[in-house]
Amino acid sequence: MTTLLVLLSLTVGVYLVAVLEAWTTNGHFRIAAPLCSALALLGRESIVPRKADRIFFEAAPILLLTSALLGAAVIPLAPALIVTDLATGALFLNAALAYVLVALLMAGWGPDGAYAMVGGWRFLGQVIAYAMLIVMPIMAVAMRAESLLTTEIVASQAGLWNILYQPLGFVLFFAAAMALAFVPPFDLPTAQGELAGGVEGEYTGVRLAVFRLGRMVLILTLAAATVTFYLGGWQGPLLPPWAWSAIKTLAVAATMLLAGRMMPRIREAHLLAWGWKLGIPLALLNIFLVGVLVLVLP
Amino acid sequence: MISAQGLFIAFFGLAAVCFGVAVFRTSSMVRSALALLFSQTAIGAMFLSMQAEFLGVLQIMMMATEMSIMAIFMVMFMMDPGGLGKMEMTHQKGLSLISGSIAFMAAVAVAVFVDWGPGGASPPDAARQTRELGIELLGRSMLIFETAGITILTAMIAATAVAIQPLKRSGDR
Amino acid sequence: MIAGARQGRLSGLRRLTALAMARDLRAFLVPGPEIARAHGLDIEAAGLLRVASPRHASVLLVVGAIPPALREAAAIVYAQMVRPRALFALGTQTLSPLPAADVGARLSQDELVEGVHRLRRAFAEGAFRPQVSSFDTPILHVRIQYTCPMHPEVIRDEPGTCPKCGMTLVPHETRAEGGSAHRHHHTMDSGTPGQAASEPGHSGHPGMDHAALVQYTCPMHPEVIRDEPGTCPKCGMTLVPHETRAEGGSVHRHHHHTMDSGTPGQAASEPGHSGHPGMDHSAMDHSAMDHGDGMFMSMVEVTRDLPRSIDGLAMDWIDVPFGPFFPGLPGGLQLMLTLDGDTVARSAAHAQRDMEPLLPAPDLDPVRFVSRLTEMDPLSPVSYRLLACRAMEDAAGAEVPDDIARGRVGALERERIASHLGWLALFAQQTGLGWLMGDAAGLQLHVRHADLKRLMGLRPALRTLTRRLRRTPLLKARTAGLGRLAPDPTLRGPVVRATGIGADARHTDSTCAMLGFTAITRTGGDALARLFVRVEEITHSLALIETAGVVERPEPADTGEASGAGEAVVETPRGEARLQLTLDKGRVSAARLGTPSMRHLELVGPLTEGQELGDALVAVGSLDLSPWGTGQ
Amino acid sequence: MNALEQYGLLLGLAVGTVGVVLSLYGLARRIGKVRREPGKDVPATAGQLSRDPVWVRYHARYYGYALLFLAFDMEMAYMYPWAVVYRQEGLVALLDMGVFLAILFLGLLYGWSQGALRRQ
């Protein structure tokens, strides 16, 4: 029952994210746009390129969707509104989202097309740049909560949200989450102006629809994760918990999508260099600061 | 419940073996690397079926990135990474068959003949597993933990020294 | 009703999807969005969504007349679109080898909007049809021919043995037609489709370089070549079937000198070329293969002769086309990048061959000559129109009254603003800078034909754009240091001015000098400097227009029956263009044109080599090349 | 809900997702099959028919980072249990992990000094 309720709210959330995404890319705010696009994609042909790695090509969109959805399964929308409150929830979220990389590598290698392949391997570089910046800030969050349970992480922020408790961690995590969701300016694997769609470029019809759905779920999952880890999850005055979760998650998702409009795509060399030479030292500093705070504050 | 658990362990075990076989049956390097990844994922799922949650999830997480990195190195340094040549990836079949069967029999023998002691009543719950692991790391096994740090450092230095051309000119290139 | 409909009766779910498709029209633009904007078309406002890959498009929108080579490329794009697909042609009916347009319209925004409505109806009613026919044109085909590895002149349509030496003939995959099969350096010199079609198969031209091969070789033993699948007699491995262009092909495995060789015979007799990545057979020491059970090979041996990149690793290189219809580059520009991983190892760029020569007829009527130059480059029609006018006036010795000269400067500067805005929109599209894409494109459409009052009214918007651009985060990081050029006086326009040299043809123009013209320069010579030279020129041009106080499209003065030679220079938005012509009794008898893009095309190679792909594209984009009117 | 049921639910979710996707594919298939036409299934490359395979030895320029990444990824395995008991163990945990991270950071600095952190 809870599962169905969560899935239903995820569906609504994903649809709204898709509306936001269509708005940021096309400039039109139309509620019906994603439905229209999805139906249109259903009606179009769905090609498999010749000499493709058929298994990879078929598996990639499904794997992307599945991993994003499994990631969402450990995120609480309200105190009891969670699919599985795993004891290692925060770790499981990482584990599920690690397969986004695998899905994109498959989508890149599968079609035997140059743009896609460059996109796929680019994303591996992107993962190497951001992965530590997902893991290390989560670590600091877990230090404060003394648990990997996502519900306890939310509960630990009752007094003070983590965005204020560890702002450095939030900034790093938010940027890394955007990179994981490959939204602009981190859209290196799909870059329209550089790779004409990249890993997404060879997908058509219903396969493209599934790929895009997976991407939307991924964005929603990461926005919800940001809310859970840093913005106090369902907590908030007056409104019921689920409403707070919804508002915060959509606001974070909109921020993620809009931020990319403001800046050009980042260069891969810079992404790697900044991630390692700036990001990791800062993330370690964040762990140290939180460590001191946790011991000093009651 | 126990039987269902056993069923899942067997299922994922079998999946791990099948993917393991696929590693060598395919001629595409990327397929091979990702087959190994899914073999490891299946082992992670096996751990989960055995209620070793932390270990299972960790296995599932770490293998994804590490095997993908292995995939890129295989694509960089192996001939014909696309498997267009249908290259046979098995070598020295006779020797491998013999050593493989010996190892298999040894493993079975160990599994059957070793006294594993009385089975635990039921494993601690997942949250406690993680905590106890943490306490273990900071207590009894601290030295092992720090040694692991040194080992990883050694690996980093070795990898860098082997793979990276040192900066020649002053400034970067 | 659309020709590219899917097969099936329109009912139930299909009808629903057809209605959705009618509302969700996604267009791939040929030659490109910048051409559409130059014609004053606002694609998004008409209700079409622009996409970067033909795979995601349902409408192929052809804007204006395009030369045959581009039509062939457009046919390939059309073939790669998924059904249901429609062809929407604006301002042209010559589309072959593309099929006839499903919807046609003239080049105007109103007609575009109206055409989109018709397209929607066509999709809603005709996305599915019981009977459809395949789109087929010779350029999409490969045909298998059989040649002797020893005697390339022996070409048969059927398998068999060589009449000269008795060897089994080897199958080759070859394009059934010429045209753009000349992928590398011959693209622009290739014949027209008509020519090629008249000699199908090229059976009389064994040496032509657009053949492709299918042959079977052992990955380990290159000397084993078979024309049919099987196993290697030496090691038992499955032989590799491979299609590769004999020309040297996309997969640069081994010998890069074969780029220029490329008769089928040569390639066939050179097994190293058979397309097995990473196996340099001819360079291979056979003793190296005796390790283990004969299956191991040393990569050191295998890669010994491969070209190395900067870190000393030898990888396989692939040729990847980035044009003529690439979303981040001007449409029509043919860029072929040889990629070593994600890095450009080599590059070759070509512009479009013109549809007609500069002088389509001898002794051209001056009015026709002016309109010829106006239409030559859709990206800067006014500049070339002005160039033609000035050159003729120079030849005829005609004086231009001051007010007309000022009006011309106004029109030229207005075009400069529009052109730079168009470049900004393209740059934004390339780098994914969302807000700039919309803002710059919108402003360009407004500026394009604005009168003085309207231009002055647009000043705040332009100023906002400039200010916002300066504050854009990561913009400097994205462009600084890319495409760096040393000061070189032979460069033109913003490209040279970004290197600190104030070269500008407007210096020599007395009207411009009178209006307070100063050349905008910046130092650095990189993509960032070029970006800001253009941005500052927008502001400066606006000031010039304000001082000039009049914007008037250049009209040729009446040259009467004058004869003589004349020369004129105009600083087009891309740099100095020079036209020399001879008037003979009032008619143009000879003309020679030098455009900035001709010069700047040569920079593409040096600027991209060794660069990461995205950086290389930014470097190419920052040159603001116009592929039109350069292929004289 | 005990742990095993949770895993079962996650597995069910994954299988269900695959099922939903496959039924979507089935629906799309009912609408019509792909019409085979020349040139259609060649990967789209900007208007040129590039038929050659691209599965070649790919030169990734980030391998220096990748090597260090492997080490850091490994290290993270230890940090999760540590983070959970950090407050309980207090200063010991801070010092212990401090030493561990310092050792690793040394490795990062070494790699940095040798030029591993750059495009190769």
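The rules behind the values
- Residues numbered from 1 in each chain as written.
- Chains lettered and ligands numbered in written order.
- Predicted model: local features only at pLDDT ≥ 70, side-chain atom pairs only at ≥ 80, totals over all residues.
- Heavy atoms only, no water.
- 1 Å grid on protein atoms, 1.4 Å probe; cavity = no way out; pocket = protein on both sides within 12 Å on 5 of 7 lines; lining within 4 Å.
- Points joined across faces, edges and corners; volume = space filled by probe spheres on them.
- Helix = DSSP H or I, 4+ residues; strand = E, 2+ residues; numbered from the N terminus.
- Nonpolar A, V, L, I, M, F, W, Y, C, P; charged D, E, K, R; others polar.
- Phe/Tyr/Trp six-rings, centres within 6.5 Å; stacked < 30°, edge-to-face > 60°.
- Lys NZ or Arg CZ within 6 Å of the ring centre and 35° of its normal.
- Buried < 20%, exposed > 50% of the residue type's maximum accessible area, 1.4 Å probe, protein only.
- Contact = heavy atoms within 4.5 Å.
- Polar contact = N/O pair within 3.5 Å; in protein donor to acceptor, adjacent residues only side chain to side chain.
- Pairing = 2+ DSSP bridges.
- Axes fitted to C-alpha atoms, helices over the stretch in contact; angles between N-to-C directions.
- Right-handed = clockwise from strand over helix to strand, strands pointing away.
- Patch = residues over 30% accessible without salt bridge, like charges linked within 9 Å, V, L, I, M, F, W, Y side chains within 5 Å.
- Areas by Shrake-Rupley, 256 points an atom, 1.4 Å probe, with all protein chains shown as cover.
- Salt bridge = Lys/Arg side-chain N within 4 Å of Asp/Glu carboxyl O.
- Buried area = accessible area lost by both parts, 1.4 Å probe.
- Parallel < 35°, antiparallel > 145°, perpendicular 65-115°, else oblique.
- Left-handed = near helix turned anticlockwise from the far one by under 90°.
- Domains from an automatic or database assignment.
- Expected span 1.5 Å × (residues − 1).
- Arc of directions from axis to C-beta.

### Here we look at the layout of surface pockets
Stage number 1. The space that makes up the second largest pocket amounts to roughly 1,400 Å³.
Stage number 2. Along its surface, the second largest pocket is lined by 45 residues, and Phe12(B), Phe38(B), Thr41(B), Leu11(D) and Ala14(D) are the ones closest to its centre.
Stage number 3. Those elements that provide at least two residues to the lining of the second largest pocket are helix H3 (54-73) and helix H4 (89-109) of chain A, helix H1 (2-25) and helix H2 (29-49) of chain B together with helix H1 (3-31) of chain D.
Stage number 4. Looking at side-chain class alone, the lining of the second largest pocket contains 34 nonpolar, 7 polar and 4 charged residues.

### Here we look at the packing of aromatic side chains
Stage number 1. Within the structure shown, the criterion is met by 28 aromatic pairs over all chains.
Stage number 2. Centroid distance Phe73(B) to Phe77(B): 6.4 Å. Interplanar angle 10°. Geometry classified as stacked. Taken together, the residues Phe73(B) and Phe77(B), both in helix H3 (residues 53-77) and 4 residues apart, mark about one turn of the helix.
Stage number 3. Through pairs of rings, three or more aromatic residues link up here, namely Phe170(A), Phe173(A), Phe174(A), Phe229(A) and Tyr230(A).
Stage number 4. Lying over the aromatic face of Tyr25(D), Arg207(A) brings its terminal NZ or CZ to 5.7 Å of the ring centre.
Stage number 5. When the ring centre of Trp435(C) is taken as reference, the NZ or CZ atom of Arg468(C) above it lies at 4.1 Å.

### What to know about the environment of Asp24(C)
Stage number 1. One can find Asp24(C) in the loop between helix H1 (12-23) and strand S2 (26-30).
Stage number 2. Accessibility expressed as a relative area gives 5% for Asp24(C), which makes it buried.
Stage number 3. Considered as a pair, Asp24(C) and Tyr78(C) are 54 residues apart in the sequence and their alpha carbons are 18 Å apart.
Stage number 4. Those residues in contact with Asp24(C) that sit more than four places away from it in its chain are Cys36(A), Ser37(A), Ala40(A), Arg44(A), Leu49(C) and Ser58(C).
Stage number 5. In terms of polar contacts, Asp24(C) uses its side chain to reach the side chain of Arg26(C), at 2.9 Å.

### Let's talk about the sheet that holds strand S20 (residues 587-594) of chain C
All names here are of chain C.
Stage number 1. As summarised here, the arrangement of the 3 strands in space is S18-S19-S20, forming an open sheet in which the pairing is antiparallel. Looking at the sheet topology across the chains shown, the edges are occupied by strand S18 (564-572) and S20. Each neighbouring strand pair of the sheet contributes to a mean axis angle of 20°, computed without reference to strand direction.
Stage number 2. Inspection of the sheet shows S18 paired to strand S19 (residues 575-584) by 9 bridges, in the antiparallel sense. Considered in S19, the bridge of Gly 566 is made with Leu 581.
Stage number 3. Sitting on the sheet, helix H8 (residues 366-376) is in contact with S19 and S20, with an inclination near 20° to S20.
Stage number 4. On the sheet, helix H9 (residues 381-396) packs against S18, S19 and S20 and is oriented at approximately 150° with respect to S18.

### Digging into unusual backbone geometry
Stage number 1. The step from Pro184(A) to Pro185(A) runs through a cis peptide bond, and the omega angle for that step is 0°.
Stage number 2. By the element assignment, Pro185(A) lies in the loop between helix H8 (167-180) and helix H9 (192-195).
Stage number 3. The step from Val30(C) to Pro31(C) runs through a cis peptide bond, and the omega angle for that step is 0°.
Stage number 4. Among the secondary structure elements, Pro31(C) is positioned in the loop between S2 and helix H2 (33-38).
Stage number 5. Residues other than glycine seldom take positive phi values, yet Gln51(B) does so here, at roughly 65°.
Stage number 6. Within the secondary structure layout, Gln51(B) lies in the loop between H2 and H3.
Stage number 7. Even without a glycine there, the phi angle at Asp624(C) is positive, about 55°.
Stage number 8. Here Asp624(C) lies in the segment after helix H19 (613-622).
Stage number 9. With a relative accessible area of 6%, Asp624(C) lands in the buried category.

### Remarks on the pairing of strand S5 (residues 86-90) of chain C
All names here are of chain C.
Stage number 1. Among the 5 residues of S5, 5 are classified as buried, and the element is accordingly described as predominantly covered.
Stage number 2. Here S5 shows two buried faces, one formed by Ala 86, Phe 88 and Leu 90 and the other by Leu 87 and Ala 89.
Stage number 3. Relative to S5, strand S4 (residues 59-63) is paired through 5 bridges, and the arrangement is parallel. Bridge assignment links Val 62 to a residue of S5, and that residue is Ala 89.
Stage number 4. One crossover worth recording links S4 to the parallel S5 by way of helix H3 (residues 68-80), and it is right-handed.
Stage number 5. By the bridge criterion, 3 bridges tie S5 to strand S6 (residues 103-105) in an arrangement that is parallel. Its bridge partner being in S6, Leu 90 is matched across the sheet by Ala 105.

### Digging into the sheet that holds S6(C)
Residue and element names in this part refer to chain C.
Stage number 1. Strand order in the open sheet formed by 5 strands is S3-S2-S4-S5-S6, and the pairing between neighbours is parallel. Strands at the two margins of the open sheet, each flanked by one partner only, are strand S3 (49-50) and S6.
Stage number 2. Relative to S4, S2 runs parallel, the two sharing 4 bridges. Paired with Phe 28 across the bridge in S4 is Leu 60.
Stage number 3. Most of the contacts of helix H4 (residues 109-126) go to S5, to which it runs at about 165°, and overall it touches S4, S5 and S6.

### Things to note about a nonpolar patch on the surface
Stage number 1. Together, Leu97(B), Ile98(B), Ile102(B), Phe104(B), Met105(B), Val108(B), Val112(B) and Phe113(B) make up an exposed nonpolar region whose accessible area comes to about 920 Å².
Stage number 2. With respect to the element layout, Phe113(B) can be found in helix H4 (residues 93-113).

### Thoughts on the interface of chain D and chain A
Stage number 1. Contacts between chain D and chain A engage 56 residues on the former and 74 residues on the latter.
Stage number 2. Around 5,900 Å² of area is buried between chain D and chain A when both sides are counted, 75% of it from carbon and sulfur atoms.
Stage number 3. By the criterion of area lost to chain A, the three top residues of chain D are Trp55(D), Tyr80(D) and Arg87(D), representing 14% of everything that side buries.
Stage number 4. We note a salt bridge from Arg119(D) to Glu268(A), for which the minimum N-O separation is 3.5 Å.
Stage number 5. The dominant element in the side of chain D that touches chain A, judged by the number of residues it contributes, is helix H2 (residues 63-89) of chain D, at 16 residues.
Stage number 6. Class assignment for the residues of the side of chain D that touches chain A results in 42 nonpolar, 5 polar and 9 charged.

### Considering the packing of helix H1 (residues 2-26) of chain A against helix H11 (residues 241-259) of chain A
All names here are of chain A.
Stage number 1. Following both chains from N to C, one finds H1 and H11 inclined at 25°, their axes separated by 10 Å at the closest point. By the angle class used here, H1 and H11 are roughly parallel. For the crossing formed where H1 meets H11, the hand is right-handed. Contact with H1, carried on its side by Gly 13, Leu 16, Val 17, Leu 20, Glu 21 and Thr 24, involves Leu 250, Ala 253, Ala 254, Leu 257 and Leu 258 of H11 and no other residues of that element.
Stage number 2. A class-by-class count of the residues in the contact of H1 with H11 yields 8 nonpolar, 2 polar and 1 charged.

### Here we look at empty space enclosed by the protein
Stage number 1. Applying the stated criterion to the full structure yields 10 cavities of 30 Å³ or more.
Stage number 2. Taken as a whole, the largest cavity spans an internal volume of roughly 200 Å³.
Stage number 3. Along the wall of the largest cavity there are 16 residues; nearest its centre are Asn94(A), Ala98(A), Ala131(A), Val135(A) and Thr65(B).
Stage number 4. Residue assignment for the lining of the largest cavity shows that the elements contributing at least two residues are H4 and helix H5 (114-145) of chain A, H3 of chain B together with H2 of chain D.
Stage number 5. At 6 residues, the largest contribution of residues to the lining of the largest cavity is made by H5(A).
Stage number 6. In terms of residue class, the lining of the largest cavity is built from 13 nonpolar, 2 polar and 1 charged.

### Describing the domain arrangement of chain B
A common way to report how large an interface is uses the accessible area buried once the components associate.
Residues and elements named next belong to chain B.
Stage number 1. Assigned domains within chain B: domain 1 (1-81) and domain 2 (126-165).
Stage number 2. For domain 1 and domain 2, the distance between their C-alpha centres works out to 23 Å.
Stage number 3. The partner domain 2 presents 4 residues to the 4 residues of domain 1 that form the contact.
Stage number 4. The contact between domain 1 and domain 2 buries some 310 Å² in all, and 62% of this surface belongs to carbon and sulfur atoms.
Stage number 5. In terms of surface lost to domain 2, no three residues of domain 1 exceed Gln 51, Glu 53 and Phe 54, which account for 94% of the buried area on that side.
Stage number 6. At the boundary of domain 1 and domain 2, one finds 0 salt bridges.
Stage number 7. In this assembly, domain 1 and domain 2 are joined by 2 residue pairs in polar contact (both at pLDDT 80 or more).

### A few points about helix H6 (residues 142-163) of chain B
Turn by turn, an α-helix covers 3.6 residues, leaving residues three or four places apart pointing in a common direction.
Stage number 1. Compared with the 32 Å implied by 1.5 Å per residue over 22 residues, the 31 Å span of H6(B) between its first and last C-alpha is a close match.
Stage number 2. Every buried residue of H6(B) is listed here: Phe145(B), Glu146(B), Ala148(B), Gly149(B), Ile152(B), Leu153(B), Met156(B) and Thr160(B). When H6(B) is viewed along its axis, its buried side chains cluster within an angular range of 150° and face the same direction. Those residues of H6(B) that are exposed and aimed more than 90 degrees away from the buried face are Leu143(B), Ile144(B) and Val162(B).
Stage number 3. On its buried face, H6(B) is in contact with helix H5 (126-138) of chain B together with H2 and helix H3 (91-113) of chain D.

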